[in-house]
Amino acid sequence: MQFFGGSDVSPSPPATTAAGHNANMMYMFNRNGVCLFYREWNRPLHTLNPQQDHKLMFGLLFSLKSLTAKMDPTSGDKGNLGMPQLPGQGCSFHCFRTNTYKLSFMESPSGIKIILVTHPKTGDLREATKYIYNLYVEYVVKNPMYAPGTPIRCDLFTTNLDQYVRSIS
């Protein structure tokens, strides 16, 4: 079974243009807002405890998704601001950039949300987030020891993720 164009057994990463270590951190949430996975690679400043950080990130995503759906110029039925939307429904966003970071976002049809925070000059990461999702499917979802909805504790997933993230440019 393929997800977002990945292979069945061993997903192959999208081609990168130059090697670098641009990723700062990654979050993975389920459809209910539970943080399943959090990883830091380069985060020099810690201002919040992890639970507050996860709640703020999920709240930011919820708000941005609602705002983009409300501002969608192609849809006549805008609903109420803050109304939950199904994955793939309405207008969506894939990234935003500030002067200090770039946040890339992908939501799978099953409601898994992947957020990758990188250097602001990092290129388009849509293929990278799809590849990370394929890693998740291969090493977590297909793992018979993993209970869905619980925090991800899979060394093989973490090792492959770390190796891939080092190549993101």
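Computed from a predicted structure; not experimentally measured.

Enquirer: What exactly am I supposed to notice about the overall build of the protein here?
Expert: Across its full length, the protein holds three helices and five strands. The proportion of buried residues among the 169 residues of the protein is 40%. If you take every contact in the protein between residues at least 6 apart in sequence, the share linking residues at least 24 apart comes to 56%. Total accessible area on the protein stands at roughly 9,700 Å², and carbon and sulfur atoms take up 57% of it.

Enquirer: Before we go on, may I ask you to explain the environment of Phe105 in this structure?
Expert: Following the sequence through the fold, Phe105 ends up in strand 4 (residues 102-107). The exposure class assigned to Phe105 is buried, which follows from its relative accessible area of 3%.

Enquirer: How do you make sense of the confidence of the model for the protein when you look at a structure like this?
Expert: When pLDDT drops low, the exact placement of atoms in the prediction is not to be read closely. The predicted model of the protein averages 80 in pLDDT, with 77% of residues at 70 or higher. Note on residues 1-19: pLDDT is under 50 here. Beyond four places in sequence and across chains, it has 36 contacts.

Enquirer: I keep staring at the sheet that holds strand 5 (residues 113-118) and nothing clicks. Help me out?
Expert: Hydrogen bonding along the main chain pairs the strands of a sheet, whether they run parallel or antiparallel. Taken in spatial order, the five strands of this open sheet run 2-1-5-4-3, and their pairing is antiparallel. Taken across any chain shown, the strands that pair with only one partner, and hence form the sheet edges, are strand 2 (35-40) and strand 3 (95-97). Direction aside, neighbouring strands of the sheet carry axes that sit 10 degrees apart on average. Where strand 1 (residues 23-29) lies against strand 5, six bridges are found, and the strand directions are antiparallel. By the bridge assignment for strand 5, Tyr27 is matched with Ile115. Against the sheet, helix 1 (residues 50-71) contacts strand 1, strand 2, strand 3, strand 4 and strand 5, and its axis sits at roughly 75 degrees relative to strand 1.

Enquirer: Just checking my understanding: could you explain the packing of aromatic side chains for this structure?
Expert: Aromatic rings considered in pairs are described by the distance between their centres and by the relative angle of their planes. Applying the stated rule across the entire model yields eight aromatic pairs. Relative to Phe157, the ring of Phe37 lies with its centre 5.1 Å away and its plane at 75 degrees, an arrangement referred to as edge-to-face. Taken together, the residues Phe37 in strand 2 and Phe157 in helix 3 (residues 155-165) connect sequence positions 120 residues apart. There is no split in this pair, since Phe37 and Phe157 are both buried. Ring geometry for Phe93 versus Phe105: centroids 5.0 Å apart, planes at 15 degrees, classification stacked. With Phe93 in the loop between helix 1 and strand 3 and Phe105 in strand 4, this pair connects stretches of sequence that are 12 residues apart. Of the two residues examined, Phe93 and Phe105, each falls in the buried class.

Enquirer: Before we go on, may I ask you to explain the environment of Asn32 in this structure?
Expert: Tracing the backbone shows Asn32 in the loop between strand 1 and strand 2. Taking the relative accessible area as the measure of exposure, Asn32 reaches 63% and is therefore exposed. For Asn32 and Ile112, which are 80 residues apart along the polypeptide, the C-alpha to C-alpha distance reads 9.2 Å.

Enquirer: What exactly am I supposed to notice about helix 3 here?
Expert: By the burial criterion, the buried members of helix 3 are Phe157, Thr158, Asn160, Leu161, Asp162, Tyr164 and Val165. For helix 3, the elements touching its buried residues are strand 1, strand 2 and helix 2 (126-141).

Enquirer: Got a minute to help me understand the pairing of strand 1 in this structure?
Expert: For a regular strand, side-chain orientation follows a simple rule: the groups alternate between the two sheet faces. Burial analysis of strand 1 places seven of its seven residues in the buried class, the great majority of the element. In this structure, the hairpin formed by strand 1 and strand 2 is closed by a connection of five residues, where Gly33 is found at a positive phi of approximately 90 degrees.

Enquirer: Sorry if this is basic, but what is going on with the nonpolar core here?
Expert: What tends to happen in soluble globular proteins is that the nonpolar side chains get buried as a cluster. With 28 residues, the main nonpolar core has Met26, Met28, Tyr136, Ile152 and Phe157 as its most contacted residues. Looking at this core, the elements that each hand over two or more residues are strand 1, strand 2, strand 5, helix 2 and helix 3. Broken down by element, this core gets its largest block of residues, nine residues, from helix 2. Cys35, Met57, Leu61 and Ile115 belong to the second largest nonpolar core, which has 12 residues in total.

About the criteria used
- Residues numbered from 1 in each chain as written.
- Predicted model: local features only at pLDDT ≥ 70, side-chain atom pairs only at ≥ 80, totals over all residues.
- Heavy atoms only, no water.
- Helix = DSSP H or I, 4+ residues; strand = E, 2+ residues; numbered from the N terminus.
- Buried < 20%, exposed > 50% of the residue type's maximum accessible area, 1.4 Å probe, protein only.
- Contact = heavy atoms within 4.5 Å.
- Areas by Shrake-Rupley, 256 points an atom, 1.4 Å probe, with all protein chains shown as cover.
- pLDDT = per-residue confidence, 0-100.
- Pairing = 2+ DSSP bridges.
- Axes fitted to C-alpha atoms, helices over the stretch in contact; angles between N-to-C directions.
- Phe/Tyr/Trp six-rings, centres within 6.5 Å; stacked < 30°, edge-to-face > 60°.
- Core = buried A, V, L, I, M, F, W, Y, C linked by side-chain atoms within 4.5 Å.

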